[in-house]
Amino acid sequence: MPTAKVNGKEIEFEAGLTVLQVAELAGEEIPRFCYHERLSIAGNCRMCLVEVKPGPPKPQASCALPAADKQEIFTNTPMVKKAREGVMEFLLINHPLDCPICDQGGECDLQDEAIGYGRDGSRYAENKRAVEEKFLGPLIKTTMTRCIQCTRCVRFSTEIAGVSEMGMISRGEDAEITSYLEEALTSELSGNLADICPVGALTHKPWAFNYRPWELTKTESVDVMDAVGSAIRVDARGGEVMRILPRVNEDINEEWISDKTRYVPDGLMRQRLDRPYVRVDGKLKPATWAEAFAAVAGRIRAVSPDKVGVIAGDLQDAESMKAAMDLFSALGVKNLDCRQDGAKLGYGPRESWLFNTTIAGIEKLDRLLLVGTNLRKEAPLVNARIRKAWLTGKLRVGVIGEHADLRYSYEYFGAGPSSLQKLVDGEGDFFKDAKGAAIVLGQGALIREDSSAILNLAAKAAGTFGMTAEGKNGFNVLHTAASRVAGLDMGFVPKDGGRHVAGMIAGAGKGEIEVLVLMGADEIDTTALGNAFVVYIGSHGDAGANRADVILPGAAYTEKPGIYVNTEGRVQIAARAVFPKGEAREDWAILRALSEHLGAKLAYDSLEQLRAKLMANHPTFGQVDYAPGAASAAGLDLGAFGEAGSLSDAVFASPIDDFYLTNPIARASVTMAECSASQAQALGRLQAAE
Amino acid sequence: MSVRRLAKEQPPSFAFSPDSMEKVNFWLGKYPEHRKQSASIPLLWLVQKQEGWVSEPAIRLVAEMLSVPVIRIYEVATFYTMFMLEPVGSAALIQVCGTTPCALRGANDLIEICKTEIGPKSHLSADGLFTWEEVECLGACCNAPMAAINDYYYEDLTPESFRQIIADFRAGKKPAPGSYAGRRSSEPAGGAQTLSDASLYDGSRAQPLAKIPNAPEPEPKPEPVA
């Protein structure tokens, strides 16, 4: 390996690194604005100047200079300091220095570096340049006079998000960052623009002037807006979640999060259920916990267990599902289901409902077939990862299902299951010579009548094309609900003749189900529940609460510690950032309290005891931050996935109609509503143009 | 240079004429399929040759023809001041050089004339006949002051001659380009002053060369070994 000396300290490095990276290896911090590890190198801010020997006797931009063997790098000489001070002075000529009214204040790269390299006063008496504000949609606020033209936003939108919508127009002093004719950005990842902006030019519009970063309590947690389980940091002030930012997790979200994950917190302060309600004479009346429990227990005790149903929603934590399962199983209830959308999963081996390739594993693939999924809506970060792999030129993507703009090019094989059948039968050469092939089955393919057959066919494809072998597993199911894999892992599905969700709804309509417990389940048809007595345990007043006869107010995902299992089967523990609203309680505690009223007291008094029981009964929950991936790929029986059967001709459709409004929290959020409207407008414009 | 923006009023559409299309195909043919965007500047220039300026529909069409995001073409069109983003005068686009040599030789007077005869800088005149703008050095300093009008250089201008040129354009005439001081290209005023010796041209100075300059030296003989 080549070696270099950084400030006299010898260090080995891999060939191909830049001087900046080598200096970082040696522990030297180099100031930078335009350079970003995950973006291409621009080299236009000039802040990373260093002195390099051998070489011309002038400062060099370290981010764009390849490191060479036997190079001597100096990052702290007087020449370097003076050069950086010069750059800083130039950057500040036109910077407005409005830090006191800037949302970036306190977490601004320019502000931080100015402490090290800035002058205490300006030598410029001339007017600063003025730049018109730009409109970039409902999420990104611009203050373009603050822009230092690092072009990180242009590179992010082009390279990571895959939407070439931003650019730098004009030149020299008049250069400005804008989108074409100031149209709103159409990416699901646009919020990251404000994160990568090193100054306050792009900030978060929904949070403008709401907080100062140093006032916030930071809690590291896990996102539940989709089944990807992005690493997030929840920043709260008092009882309010002020913002959600991404954390770095190379296995899942790298350092990006989707707009829904980021901007949903305003939904946490609206439509909240903050006290129990009981329906009296057709109207929901506030009640005490004791009254509510008495009403629920009275009804459940009065009917036989086969007339009780429990449906777990998409945002539910594993602990509350475990508590519900333990409680209602003890009562003899068999009608338990965590699959609101009716996905036909959960009966074969665990691999049959996991994303076995793992998200990071996508980068090792050379063929990827997407079946019945629109990844941009269902998992934008998985889509970004596919785009990243596709950009290297090694990955060929094929699609069966919706013909959507996925931000990368793909081969289109058809819209329905028959196209998959043809591929399996050997038509075409998509999988020919593939070394790492994978198939992704979306929920669009799994919520149909013939889903068992499709699941079986997809597993057959995985077998036929050698996707599954020692050390690799190319069979993947992509979930859309954060709670789903945990539910399937613990067996929160009807057994021994119990009813599934559709059966429960139909039964309620016919009077065969008399008590229905909805745990945050709002995506079912609540108008078809007939005269059933509906108990809603959840945080938001949405469809479920609207139909409920008793409301037991629960905690939202930022308000309770909870275990979530993402689509890869990775167990992650979310933390509490704020306390539940009003009289609301954590969901497992509600069920624990209810169990006493039902005379079937649950055997745990604390979350720790509940977790211990969960991990004892279902050992996979003990493997925190671990995704099994290909661990069991060698002996996998792909024939046990689903059941062979006849396929229908119906085309695949994504279960997600509107990316921004998929769950009760998002539907309560004003920001998400604005995004949805903006998206609809953009769609209308597109259709008008065609 | 000032802040450059697309014109407020835009035509509904743009299409290349058959003549332009021939040239477009010539340029597209020069680049491989996946490097089509190399033709961005030639295509924008053809747009400008055809219409006199680059409109928003034209930018979109060029982007579509080259399979690049429209923002990339927008960047190019706003980067180069050569591309006019507003309609230009039907009679003449006058680009007066305002850089130091021309300024010393009276370009400021020409600019004053433009202001009074035509109107404000960089915008279409009220009658739609003229657009004038001040540009940086056009490389004809020895003929200062000068202006580029449409595709030609008009040099050694005086306020009188410049005024006359504008009047001629206004009248629909095409004044001759070149020097207005009665000299050929950038010869000294009053004709050539040097290289006038007739012997330079009659061949009498030609002499056989004694030695070809810079020819390699014959290799020195090696020292005899003692």
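Residues numbered from 1 in each chain as written. Chains lettered and ligands numbered in written order. Predicted model: local features only at pLDDT ≥ 70, side-chain atom pairs only at ≥ 80, totals over all residues. Heavy atoms only, no water.

Peer 1: Explain the overall build of chain A here, please?
Peer 2: Each helix and strand in chain A was counted, giving 19 helices and 26 strands. Compactness check: chain A gives a C-alpha radius of gyration of 27 Å against a globular reference of 26 Å for 690 residues, within 12% of the reference. Along the first, second and third principal axes, the C-alpha atoms of chain A reach 85 × 60 × 55 Å. Taken across its 690 residues, chain A has 60% of its residues classed as buried. Here the contacts in chain A between residues at least 6 apart in sequence split such that 70% fall between residues at least 24 apart. Entry remark: accessible area of chain A is about 26300 Å², with carbon and sulfur atoms responsible for 51%. The centroid of the 76 positive side-chain charges in chain A is displaced by 1 Å from the centroid of its 92 negative side-chain charges. (Helix = DSSP H or I, 4+ residues; strand = E, 2+ residues; numbered from the N terminus. Rg over C-alpha atoms; globule rule 2.2 N^0.38 Å. Buried < 20%, exposed > 50% of the residue type's maximum accessible area, 1.4 Å probe, protein only. Contact = heavy atoms within 4.5 Å. Areas by Shrake-Rupley, 256 points an atom, 1.4 Å probe, with all protein chains shown as cover. Lys, Arg positive; Asp, Glu negative; His and termini not counted. Charge placed at Lys NZ, Arg CZ, Asp CG, Glu CD.)

Peer 1: Whenever I open this one, the pairing of strand β1 (residues 92-97) of chain B confuses me. Can you help?
Peer 2: Residues and elements named next belong to chain B. Counted residue by residue, β1 has six buried out of six residues, so it is predominantly covered. The pairing of β1 with strand β3 (residues 147-149) spans three bridges and is antiparallel. Paired with Gln95 across the two strands is Ala148, which belongs to β3. (Pairing = 2+ DSSP bridges.)

Peer 1: So what exactly am I meant to see when it comes to the sheet that holds strand β24 (residues 550-553) of chain A here?
Peer 2: Strand pairing in a sheet takes place through backbone hydrogen bonds and is either antiparallel or parallel in direction. Residue and element names in this part refer to chain A. Taken in spatial order, the seven strands of this open sheet run β14-β13-β24-β23-β22-β15-β16, and their pairing is mixed. Bordering the open sheet on either side are β14 (283-286) and β16 (335-337), each of which pairs with just one other strand. Between one strand axis and the next, the sheet turns through 15° on average, direction left out of account. As defined by bridge partners, strand β15 (residues 308-312) adjoins β16 across three bridges and the pair is classed as parallel. Within β16, the residue paired with Val310 across the bridge is Leu336. Here helix α7 (residues 289-302) sits on the sheet and contacts β13 (277-280), β15, β22 (515-519), β23 (533-538) and β24; the angle it forms with β24, its principal contact strand, is near 125°. Running over the sheet, helix α16 (residues 587-597) touches β22, β23 and β24 and is turned about 135° from β23. (Axes fitted to C-alpha atoms, helices over the stretch in contact; angles between N-to-C directions.)

Peer 1: How should I be thinking about the interface of chain B and chain A in this particular structure?
Peer 2: Note: interface size is frequently given as the accessible area lost on complex formation between the parts. Counting from both sides, the interface comprises 19 residues of chain B and, opposite them, 18 residues of chain A. Here chain B and chain A share an interface that buries about 1500 Å² over both sides, 55% of which is from carbon and sulfur atoms. Counting every contact that joins chain B to chain A gives two salt bridges. Of the charged contacts, one joins Arg5 of chain B and Glu176 of chain A as a salt bridge, the two residues approaching to 2.7 Å between their closest N and O atoms. Our enumeration of links across chain B and chain A arrives at eight residue pairs in polar contact (both at pLDDT 80 or more). Partitioned by chemical class, the residues of the side of chain B that touches chain A number ten nonpolar, three polar and six charged. (Buried area = accessible area lost by both parts, 1.4 Å probe. Salt bridge = Lys/Arg side-chain N within 4 Å of Asp/Glu carboxyl O. Polar contact = N/O pair within 3.5 Å; in protein donor to acceptor, adjacent residues only side chain to side chain. Nonpolar A, V, L, I, M, F, W, Y, C, P; charged D, E, K, R; others polar.)

Peer 1: Help me understand the side chain of His204 of chain A, please; the structure alone is not making it clear to me.
Peer 2: Residues and elements named next belong to chain A. Structurally, the position occupied by His204 is in strand β9 (residues 202-204). Here His204 falls in the buried class, since its relative accessible area comes to 9%. Within the structure, His204 has its side chain in polar contact with the side chain of Tyr263 (distance 2.7 Å). Apart from the residues lying within four places of it in its own chain, the contact partners of His204 are Leu139, Lys141, Gly191, Ala194, Asp195, Tyr211, Leu245, Arg262 and Tyr263.

Peer 1: Quick question: what am I supposed to make of the domain arrangement of chain B here?
Peer 2: What the domain assignment reports for chain B is domain 1 (18-79) and domain 2 (92-179). Spacing between the C-alpha centres of domain 1 of chain B and domain 2 of chain B amounts to 29 Å. (Domains from an automatic or database assignment.)

Peer 1: Honestly, the packing of α7 of chain A against α16 of chain A in this entry has me stumped. Any pointers?
Peer 2: Residue and element names in this part refer to chain A. Between α7 and α16, whose axes approach to 9 Å, the crossing angle comes to 60°. One finds that α7 runs oblique with respect to α16. Between α7 and α16 lies a crossing of right-handed hand. Of the residues in α16, those in contact with Trp289, Phe293, Ala294, Val296, Ala297 and Arg301 of α7 are Ile590, Ala593, Leu594 and His597. In terms of residue class, the contact of α7 with α16 is built from eight nonpolar, one polar and one charged. (Parallel < 35°, antiparallel > 145°, perpendicular 65-115°, else oblique. Left-handed = near helix turned anticlockwise from the far one by under 90°.)

Peer 1: Sorry, what's going on with the packing of aromatic side chains here?
Peer 2: Each aromatic ring pair is specified by the distance between its two centres and by the angle formed by the two planes. Counted by the stated rule, this structure contains 17 aromatic pairs over all chains. The interplanar angle of 80° and the centroid separation of 5.1 Å between the aromatic rings of Phe14 of chain B and Phe16 of chain B together place this pair among those described as edge-to-face. We note that Phe14 of chain B, like Phe16 of chain B, is buried. One aromatic cluster in this structure is built from Phe413, Phe430, Phe431 and Phe465 of chain A. Here the guanidinium or amino end of Arg171 of chain A rests over the ring plane of Phe79 of chain B, the centre of that ring lying 5.2 Å away. (Phe/Tyr/Trp six-rings, centres within 6.5 Å; stacked < 30°, edge-to-face > 60°. Lys NZ or Arg CZ within 6 Å of the ring centre and 35° of its normal.)

Peer 1: What exactly am I supposed to notice about the state of the cysteines here?
Peer 2: As used in these notes, a disulfide is a covalent bond between sulfur atoms, one from each of two cysteines. Within the structure shown, the criterion is met by zero disulfides over all chains. The thiol sulfur of Cys142 of chain B is not disulfide-bonded, and the nearest other cysteine sulfur, from Cys141 of chain B, lies at 6.8 Å. (Disulfide = S-S within 2.5 Å.)

Peer 1: Sorry, what's going on with the confidence of the model for chain B here?
Peer 2: Atomic detail in the predicted coordinates should be set aside for any region of low pLDDT. Confidence in the prediction of chain B, expressed as mean pLDDT, is 92, and 99% of residues score 70 or more. Under the prediction, the complex receives an ipTM of 0.88, its pTM being 0.90. (pLDDT = per-residue confidence, 0-100.)

Peer 1: Before we go on, may I ask you to explain helix α8 (residues 318-330) of chain A in this structure?
Peer 2: Residues separated by three or four positions in an α-helix point in the same direction, a consequence of the helix having 3.6 residues per turn. Residues and elements named next belong to chain A. Helix length check: α8 (13 residues) gives 18 Å between terminal C-alpha atoms against 18 Å at 1.5 Å per residue, within 8%. Along α8, the residues that are buried comprise Ala318, Glu319, Ser320, Met321, Lys322, Ala323, Ala324, Met325, Asp326, Leu327 and Phe328. Where α8 terminates, the next one or two residues include Gly332, which has phi positive at roughly 90°. (Expected span 1.5 Å × (residues − 1).)

Peer 1: For this particular structure, what's the right way to read the sheet that holds strand β11 (residues 231-237) of chain A?
Peer 2: All names here are of chain A. Reading across the sheet, the three strands line up as β10-β11-β12 and stay open at both edges, with antiparallel pairing between neighbours. Both edges of this open sheet fall to β10 (217-222) and β12 (240-246), since each of them pairs with a single strand only. Shown here is a sheet whose adjacent strand axes are inclined to one another by a mean of 30°, direction ignored. Two elements, β10 and β11, share six bridges in a ladder whose sense is antiparallel. The partner of Lys218 across the bridge, within β11, is Asp235.

Peer 1: Got a minute to help me understand the nonpolar core in this structure?
Peer 2: Grouped burial of nonpolar side chains is what soluble globular proteins tend to show. Residues and elements named next belong to chain A. If you look at the biggest cluster of nonpolar residues, it comprises 115 residues, and the most contacted ones within it are Leu110, Phe156, Leu193, Leu370, Val382, Ile386 and Tyr557. When sequence neighbours within four positions are dropped, the list of residues in contact with Tyr557 reads Val222, Asp223, Val224, Met225, Ile232, Ile244, Val264, Leu268, Tyr564, Ala575 and Ile665. Within the second largest apolar cluster, 82 residues are counted, among which are Trp353, Val424, Leu457 and Ile537. (Core = buried A, V, L, I, M, F, W, Y, C linked by side-chain atoms within 4.5 Å.)

Peer 1: Teacher, can you tell me more about the pattern of salt bridges here?
Peer 2: Opposite charge on two side chains lets them pair, provided their charged atoms get close. All names here are of chain A. Under the counting rule described, the total for this entry stands at 61 salt bridges over all chains. A salt bridge links Asp235 to Arg243, with the nearest nitrogen and oxygen atoms 2.9 Å apart. We note a salt bridge from Asp326 to Lys613, for which the minimum N-O separation is 3.0 Å. On the criterion of sequence distance, the pair formed by Asp326 in helix α8 and Lys613 in helix α17 (residues 607-617) is long-range, its members being 287 residues apart. A cluster of three or more residues bridged by salt bridges with shared partners is formed by Arg38, Glu250, Glu254, Glu255, Glu363, Arg385 and Lys388.

Peer 1: Which parts of the structure should I look at to understand the environment of Ser170 of chain A?
Peer 2: As for its placement among the helices and strands, Ser170 of chain A is situated in the loop between β7 (166-169) and β8 (176-179). With 311 residues separating them along the chain, Ser170 of chain A and Ala481 of chain A place their C-alpha atoms 45 Å apart. Filtering out sequence-adjacent residues up to four positions away, Ser170 of chain A remains in contact with Ala175 of chain A together with Arg4, Thr78 and Phe79 of chain B.

Peer 1: I keep staring at the environment of Leu375 of chain A and nothing clicks. Help me out?
Peer 2: All names here are of chain A. Along the chain, Leu375 falls in helix α9 (residues 375-378). The exposure class of Leu375 is buried, given its relative accessible area of 1%. Residues Leu375 and Ala677 lie 302 residues apart in sequence; the distance between their C-alpha atoms is 20 Å.

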